[in-house]
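Secondary and tertiary structure notes
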Amino acid sequence: MSDFNTYGFSKELLRGIEELGFEKPTPIQEKAIPYLMESTSDLTGQAQTGTGKTAAFGLPIIQKSDLESKKVQTLILCPTRELCIQLSKDLQNFSKYIKGFKVVPIYGGASIDTQLRELRKKPQVVVGTPGRTLDMIKRRKLIINDVKWLVLDEADEMLSMGFKDELDGILENTPEDKQTLLFSATMPHEIKRIIGTYMHEPFEIKVGKVNKGADNVEHYFYMVNARDRFEALKRIADANPNIYGIVFCRTRAETKDVAEKLIEQKYNADALHGDMSQFMRDQVMNRFRTKHLQILVATDVAARGLDVDDLTHIINYNLPDSLDIYIHRSGRTGRAGKKGVSVTIVHSREQHKIRLLEKKVGKKIERRMVPGGNEICEKQLYKLIDKIGNVEVDEDMIAKYLPTIYEKFESLSKEELIKHFVSIEFNYFLDKYKKARDLNTIKSSGGRDRGRDRGRGRDGGRDRGRDGGRDRGRDGGRDRGRDGGKNFQNRDGVDFAQVRIDVGSSGGMRPAMVLELINTQLKKKNVEIGRIDIRRDHTKVEIDKKYEKELLSALKNADFKGGSSRQSDSSNRKRSNIEYDRDKPKRKKRRSTRKKIIQD
Ligand code: ADP
Ligand code: MG
């Protein structure tokens, strides 16, 4: 068994490695490190993502760098800003205890002045994206005439992103006698050309099942009509309440669209794509890395640099254009020995492509049925039960309310009480999937969208206003006394008035929508709300009496008709759609309102 001690690394470097918890080299490290420690000839390394390529080239380079020299000794090129930052961080971590070792990342979309300042500090290693790197070279701020190592990381991606000219421009400026290292998960024709042009008979390392899906990744697909893609995605998310995954889309526009719809329907999701500002991208990536975000909807390029180990799901919203992309994507799950799932939503005419994909992945890719209502409700129920079992109780804070609460629940047995508590959230899913139709297409060779009209308008696109209770600051169980009249008072002395909204469950009204509606219609936020009572054709909500008038008139202006006038069901539905579109919920979750839900 080899470990990092056998390579001749310095104490300081070993300490950095140890601190990262690396115990034994990965296969590519086992092959590349000894070679790079000994040889100054070129090398190509092919291994899928997540196999530890950075340390494979980074450790020997750090070890062999000259700390006395004031010149840039290593230039590492990589395709994206995110990857650039990540690579630099990794190298900084490895070299944490090596005094005087400096790594500087340079990439587009960030202040050039800051980067110039950093470059003046004489780093041994510069990690750059091709565009910014060439720019710095042209400005003569980055001198690479003396580099000893040139690393092309994720070379295939740099080419497919159109950095060919930049690469040529940069490589022209490097000395002949450097050692060039090229890493890539795939070796398409273009890469071979680059190798032929810029490298001298490189030593080739291929690791493991190159180009194959990792062993611990399960692959399967769902087959639905193209127009049901989004609905299928929601079912996947609902059937996997603890999902932590990336949904890959083909284009920025699709990414935006899917993310917006998910957010609108209160999924814990967000987008990552090239049209977003760097700041926004950083924010989203941070939330995702720290697991505050469960579902990241992304383009391949934007997600490229994101290194997250324990993703549960990769969801291919479409089959990607190239099978290599599929391999890249699915390689992001099942890392570090963990199990992962790669699912693809395909439509009936794409089934033959699955067969091609199976060859590429080297595994059978089975069709699964899109989960139906029963399955989803069951999963959600167990999630809820786990959540209740694991919740932290703040004994001090809750103590003073307990006597009253116990008193209120006196008449309920333990079994009944459990049923009631669980139903508060479970009813949402029961209701949502009560009429859920089967999204699975019948295998049809003709490719006609059979069942096109089946179930139209039943639940497609109508279940807005979801409140699965995810990550939401909850404060249920604080029901205030009511006396059956129109105005009543809670214990804190708030006078409630009851307002009627002429849209009910048949018009798509959900408790979350009522809250959203009130929050968006009233100027003041966090207005006290009492009971919400959603009936089939109308909804009654209790609201702090001070805001009754404002709400009524807002509802009138919003065409929502508060008060007591009546409308037919069909027009309600239409109105509720219009209304909801107009007042799209803000991205930020509001964590204000208390509520008690009474089901029909
Ligand atoms: P690649 O560039 O091949 O996609 P990375 O170099 O980014 O992979 O490494 C993927 C992950 O594996 C990183 O989180 C890294 O810290 C971790 N890693 C790398 N080498 C080892 C090792 N020898 N032991 C444990 N974890 C490692
Ligand atoms: Mg890498």
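Residues numbered from 1 in each chain as written. Chains lettered and ligands numbered in written order. Predicted model: local features only at pLDDT ≥ 70, side-chain atom pairs only at ≥ 80, totals over all residues. Heavy atoms only, no water.

**A short note on the pairing of strand β2 (residues 74-77)**
As a reminder, the rule being used: The cut-offs for exposure are 20% and 50% of the maximum accessible area for each residue type, with area from a 1.4 Å probe on protein chains only; residues under the lower value are buried, those over the upper are exposed, and the others partly exposed. For the purposes of this entry, the term helix denotes a DSSP run of H or I that reaches at least four residues, the term strand denotes a run of E that reaches at least two, and both are numbered from the N terminus. Strands qualify as paired when DSSP identifies two bridges or more between them.
Covered by surrounding structure in β2 are Thr74 and Ile76 together with Leu75 and Leu77, the residues of both alternating faces. Pairing of β2 with strand β4 (residues 125-128) involves four bridges; the strand directions are parallel. Across the sheet, threonine 74 pairs through a bridge with valine 125, a residue of β4. Two elements, β2 and strand β5 (residues 149-152), share four bridges in a ladder whose sense is parallel. From the neighbouring strand, isoleucine 76 faces β5, where its bridge partner is valine 151.

**As for the site of ligand 1**
As a reminder of what qualifies: Note on terminology: near, applied to a residue and a molecule or strand, indicates that one of the residue's heavy atoms is within 4 Å of it. We define a polar contact as two N or O atoms separated by no more than 3.5 Å, with the added condition that, inside protein, one atom must be a possible hydrogen donor and the other a possible acceptor, whereas residues neighbouring each other in sequence contribute only through side-chain atom pairs. Surface accessibility follows the Shrake-Rupley procedure with a 1.4 Å probe radius. Residue values consider only the protein chains on display as shielding. Classes in brief: Ala, Val, Leu, Ile, Met, Phe, Trp, Tyr, Cys and Pro nonpolar; Asp, Glu, Lys and Arg charged; the others, Gly included, polar.
Within the structure, ligand 1 sits among 15 residues, and Lys24, Gln29, Gly50, Lys53 and Thr54 are positioned closest to it. In the model, a nitrogen atom of ligand 1 is placed 2.8 Å from a nitrogen or oxygen of the glutamine 29 side chain. One nitrogen or oxygen atom from the main chain of threonine 51 is found 3.1 Å from an oxygen atom belonging to ligand 1. Calculation on ligand 1 without its partners gives an accessible area of 570 Å², and the protein chains cover 78% of this total. Considered class by class, the residues forming the shell around ligand 1 number three nonpolar, eight polar and four charged.

**Thoughts on unusual backbone geometry**
A negative phi angle is the norm for most residues apart from glycine, just as the trans form is the norm for most peptide bonds. Although it is not a glycine, glutamate 201 adopts a positive phi angle of roughly 35 degrees. Mapped onto the secondary structure, glutamate 201 falls in the loop between α9 (189-198) and β7 (203-206).

**Considering the packing of aromatic side chains**
Which entries qualify depends on this criterion: Stacked, edge-to-face and tilted labels apply to pairs of Phe, Tyr and Trp rings (six-membered ring for Trp) whose centres lie within 6.5 Å, assigned for plane angles under 30 degrees, over 60, and everything in between, in that order. The rule for a charge over a ring is simple: NZ of Lys or CZ of Arg within 6 Å of the ring centre, and within 35 degrees of the ring normal.
With the rule as written, the count across this model stands at ten aromatic pairs. For the ring pair tyrosine 244 and phenylalanine 288, a centre distance of 4.8 Å and an interplane angle of 40 degrees mean the geometry is tilted. With tyrosine 244 in the loop between α10 (229-239) and β9 (245-248) and phenylalanine 288 in helix α12 (residues 278-289), the pair connects residues that are 44 residues apart, well separated along the chain. Pair check on accessibility: tyrosine 244 and phenylalanine 288 agree, each one buried. An aromatic cluster is present here, built from Phe4, Tyr7, Phe9, Phe22 and Phe94 joined pairwise through their rings. For the cation-ring pair, arginine 15 lies above tyrosine 97, with the distance from its terminal atom to the ring centre recorded as 3.8 Å. Sitting over the face of the ring of phenylalanine 230, lysine 261 holds its NZ or CZ atom 4.6 Å from the ring centroid.

**Some thoughts on the sheet that holds strand β6 (residues 179-184)**
What counts, and what does not: Only C-alpha atoms enter the line fits that serve as axes; for helices the fit covers just the stretch in contact. Angles between N-to-C directions range over 0 to 180 degrees. Two residues form a contact once any of their heavy atoms are found within 4.5 Å.
One open sheet accounts for seven strands, arranged β3-β4-β2-β5-β6-β1-β7; its pairing is parallel. The open sheet has two free edges, formed respectively by β3 (103-106) and β7, since each of these has just one partner strand. In this sheet, adjacent strand axes meet at a mean angle of 15 degrees when their direction is disregarded. Contacting β3 and β4, helix α5 (residues 112-119) crosses the sheet at an angle of about 155 degrees to β3. Where α9 meets the sheet, it contacts β1 (43-46), β5 and β6, and its direction lies at approximately 175 degrees from that of β6.

**Focus: helix α11 (residues 252-264)**
This is how the line gets drawn: A helix is expected to span 1.5 Å for every residue after the first.
Compared with an ideal rise of 1.5 Å per residue, which puts 13 residues at 18 Å, α11 spans 18 Å between its outermost C-alpha atoms and is within 8% of the ideal. If you check which residues of α11 are buried, you get Thr255, Val258, Ala259, Leu262, Ile263 and Glu264. Just beyond α11, the residue with positive phi is lysine 266, at close to 65 degrees.

**With respect to the packing of helix α2 (residues 27-38) against helix α3 (residues 53-64)**
We count it as follows: Each angle receives one of four descriptions, namely roughly parallel if under 35 degrees, roughly antiparallel if over 145, roughly perpendicular if within 65 to 115, and oblique otherwise. By definition, any crossing whose near helix is turned counterclockwise from its far helix by less than a right angle is left-handed, and any crossing with a clockwise turn is right-handed.
Packing of α2 against α3 brings their axes to within 8 Å, and their N-to-C directions diverge by 25 degrees. Taken as axis vectors, α2 and α3 run roughly parallel relative to one another. Considering how the two elements wind past one another, α2 and α3 form a crossing that is right-handed. Together, Ile28, Gln29, Ala32, Ile33, Leu36, Met37 and Glu38 of α2 and Lys53, Ala55, Ala56, Phe57, Leu59, Pro60, Gln63 and Lys64 of α3 make up the contact between the two elements. By residue class, the composition of the contact of α2 with α3 is ten nonpolar, two polar and three charged.

**A word on the state of the cysteines**
For clarity, the cut-off: Our working definition of a disulfide is a cysteine sulfur pair at a distance within 2.5 Å.
Counting across every chain of the model gives zero disulfides. Cysteine cysteine 84 is unpaired, with the sulfur of cysteine 78 as its nearest cysteine sulfur at 4.5 Å. Classification of cysteine 84 by relative accessible area gives buried; the value is 0%.

**A word on the confidence of the model for the protein chain**
Fine structural detail should not be taken from predicted coordinates in areas where pLDDT scores are low. Applicable threshold: On a range of 0 to 100, pLDDT expresses the predictor's confidence in each residue.
Of all residues in the protein chain, 82% have pLDDT values of 70 or greater, and the mean over the chain is 79. Contacts of residues 443-492 to residues separated by more than four positions or lying in other chains number 122 contacts, the stretch itself having pLDDT below 50. Confidence drops under pLDDT 50 across residues 561-600; counting only partners more than four residues distant or on other chains, this segment forms 104 contacts.

**Points about a negative patch on the surface**
Spelled out, the test is: Patch construction takes residues with relative accessible area above 30% that form no salt bridge. Like charges are linked within 9 Å, and nonpolar side chains (Val, Leu, Ile, Met, Phe, Trp, Tyr) are linked within 5 Å. Salt-bridge detection follows one rule: a side-chain nitrogen of Lys or Arg within 4 Å of a carboxyl oxygen of Asp or Glu. Charge convention: Lys and Arg are scored as positive, Asp and Glu as negative, and His as well as the terminal groups of each chain are ignored. By convention, charge coordinates are those of NZ in Lys, CZ in Arg, CG in Asp, or CD in Glu.
On the surface, Glu392, Asp394, Glu395 and Asp396 cluster together to form a negatively charged patch. Along the chain, glutamate 395 turns up in helix α17 (residues 395-399). When its relative accessible area of 54% is taken as the criterion, glutamate 395 is described as exposed.

**Notes on the nonpolar core**
Spelled out, the test is: For our purposes a nonpolar core is just a set of buried Ala, Val, Leu, Ile, Met, Phe, Trp, Tyr and Cys residues, chained together by side-chain atoms within 4.5 Å.
Among the nonpolar cores identified, the biggest contains 39 residues, and Phe9, Phe57, Leu59 and Val127 are the most heavily contacted of them. Of all the secondary-structure elements, those providing two or more residues to this core are α1 (11-19), α2, α3, α4 (81-94), β4, β5 and β6. Excluding residues that lie within four positions of it along the chain, phenylalanine 9 makes contacts with Phe4, Leu14, Ile17, Ile33, Met37, Leu59, Pro60 and Gln63. Core analysis: the next-biggest nonpolar cluster, separate from the first, contains 30 residues, Leu75, Leu150, Ile191 and Ile195 among them.

**Notes on the sheet that holds strand β13 (residues 340-346)**
Spatially, β10-β11-β9-β12-β13-β8-β14 is the arrangement adopted by the seven strands of the open sheet, whose pairing is parallel. Of all strands in the sheet, those bounded by a partner on one side alone are β10 (269-272) and β14 (366-367). In this structure, β10 lies alongside strand β11 (residues 295-298), joined through four bridges in parallel fashion. Across the sheet, aspartate 270 pairs through a bridge with leucine 296, a residue of β11. Along the sheet, α10 makes contact with β8 (217-223), β9, β11, β12 (313-316) and β13, crossing β13 at roughly 160 degrees. Here helix α14 (residues 323-330) sits on the sheet and contacts β8, β9, β12 and β13; the angle it forms with β12, its principal contact strand, is near 155 degrees.

**Re the pairing of β11**
The criterion, for reference: Looking down the strands as they point away from you, a crossover is right-handed if its path from the first strand over the helix to the second goes clockwise.
A two-sided burial pattern is seen for β11, the buried positions comprising Ile295 and Val297 on one face and Leu296 and Ala298 on the other. Sheet topology note: the β9/β11 ladder contains four bridges and is parallel. Residue pairing for β11: glycine 245 is matched across the bridge by isoleucine 295. In this view, the connection linking β10 to its parallel neighbour β11 by way of α12 has right-handed handedness.

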